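Here's the letter readout for the chains.
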Amino acid sequence: MIKDLKILGVGGSPRKNGNTDVLLESFLKGAESAGAKTGKVLLRDYSIEPCIGCERCRKTGTCTRFHDGMSLLYPEIEDAKGLILGSPTYNYNVTAQMKALIDRLYPYYNFTNDRPRRYSSRLAGQGRKAIVFSVCEQLEIEEMGFTLGALGMPLEALGYEIVEKFPVTGYFERGAVSRDEELLIKTFEAGKKMAEILL
């Protein structure tokens, strides 16, 4: 059993009980089967202002410009060794809700004062792992555009190892993935595998 291991799932879909929600739940159930403690955040339930580049967080180490949903989510993110980010593909990219979250992770960077500024992350070197996934209506993975990169690259810069990039194509109807047993087995096993790696 994994003691006190926290894996946080973050869903970026504005659609309740949609395909992203179903898959996120499957990943988390897999992690729980390996003994991991999990948590789930659905971004549509939070009000998150977009980053405005005020740079206050460079001095304070946290966002002091806004007191919104991120004030609740920063401790959750810091407490979780594993992160699962999922977003439907919107116009070849992540949803606005997910983009706002990603941009508001900026306080975790440390920057030098030269130009161009070099950076490091306060979350790096801690063995953090992540899974990123997206759901797209079209069958061709190219139609997912930048989505998986938009989810994964910022996490890698923050010090996470992406253990799986999981594209899911050909689904649009609300909750349709719940009828795909093979897909749900794959997501369950991926969540389980990440928990086992973190052990």
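Residues numbered from 1 in each chain as written. Predicted model: local features only at pLDDT ≥ 70, side-chain atom pairs only at ≥ 80, totals over all residues. Heavy atoms only, no water.

## Remarks on the overall build of the protein
- Broken down by element type, the protein carries six helices and seven strands.
- The linear arrangement of helices and strands in the protein, starting from the amino end, is β-α-β-α-α-β-α-β-β-β-α-β-α.
- Taking 199 residues into account, the globule formula puts the C-alpha radius of gyration at 16 Å, and the protein, at 17 Å, falls close to it.
- Dimensions of the protein, computed from the C-alpha atoms along their principal axes, are close to 50 × 40 × 30 Å.
- The proportion of buried residues among the 199 residues of the protein is 46%. (Helix = DSSP H or I, 4+ residues; strand = E, 2+ residues; numbered from the N terminus. Rg over C-alpha atoms; globule rule 2.2 N^0.38 Å. Buried < 20%, exposed > 50% of the residue type's maximum accessible area, 1.4 Å probe, protein only.)

## Looking at the nonpolar core
- Val10, Leu85, Met98, Leu101 and Leu155 are the most contacted members of the largest nonpolar core, which has 35 residues in total.
- Those elements giving two or more residues to this core turn out to be β1 (6–11), α3 (69–79), β3 (82–88), α4 (96–103), β6 (129–136) and α5 (147–157).
- Val10 has contacts with Leu24, Val41, Leu43, Leu83, Ile84, Leu85, Gly86, Met98 and Leu101, leaving out every residue within four places of it along the chain.
- With 24 residues, the next largest nonpolar core counts Ala31, Ala36, Ala176 and Met194 among its residues. (Core = buried A, V, L, I, M, F, W, Y, C linked by side-chain atoms within 4.5 Å. Contact = heavy atoms within 4.5 Å.)

## Notes on the UniProt feature "domain: NADPH-dependent FMN reductase-like" (unreviewed entry) in the protein
- In the numbering used here, UniProt assigns the "domain: NADPH-dependent FMN reductase-like" (unreviewed entry) feature to residues 6–106.
- In residues 6–106, helix accounts for 38% and strand for 19%; the two terminal C-alpha atoms are 22 Å from one another. (UniProt positions renumbered as here; feature names shortened; annotations may be inferred.)

## Describing the pairing of β6
- For β6, the buried fraction is high: eight of the eight residues fall into the buried class.
- Burial along β6 is two-sided: the residues Lys129, Ile131, Phe133 and Val135 and Ala130, Val132, Ser134 and Cys136 are all buried.
- Across seven bridges, β3 lies against β6 in parallel orientation. Pairing of Leu85 across the sheet is with Val132, part of β6.
- Direction of pairing for β6 relative to strand β7 (residues 161–169): parallel, over a ladder of eight bridges. Bridging from a neighbouring strand, Val132 pairs with Lys165 of β7.
- As for the winding sense of the linkage, the β-α-β connection from β6 through α5 to β7 is right-handed. (Pairing = 2+ DSSP bridges. Right-handed = clockwise from strand over helix to strand, strands pointing away.)

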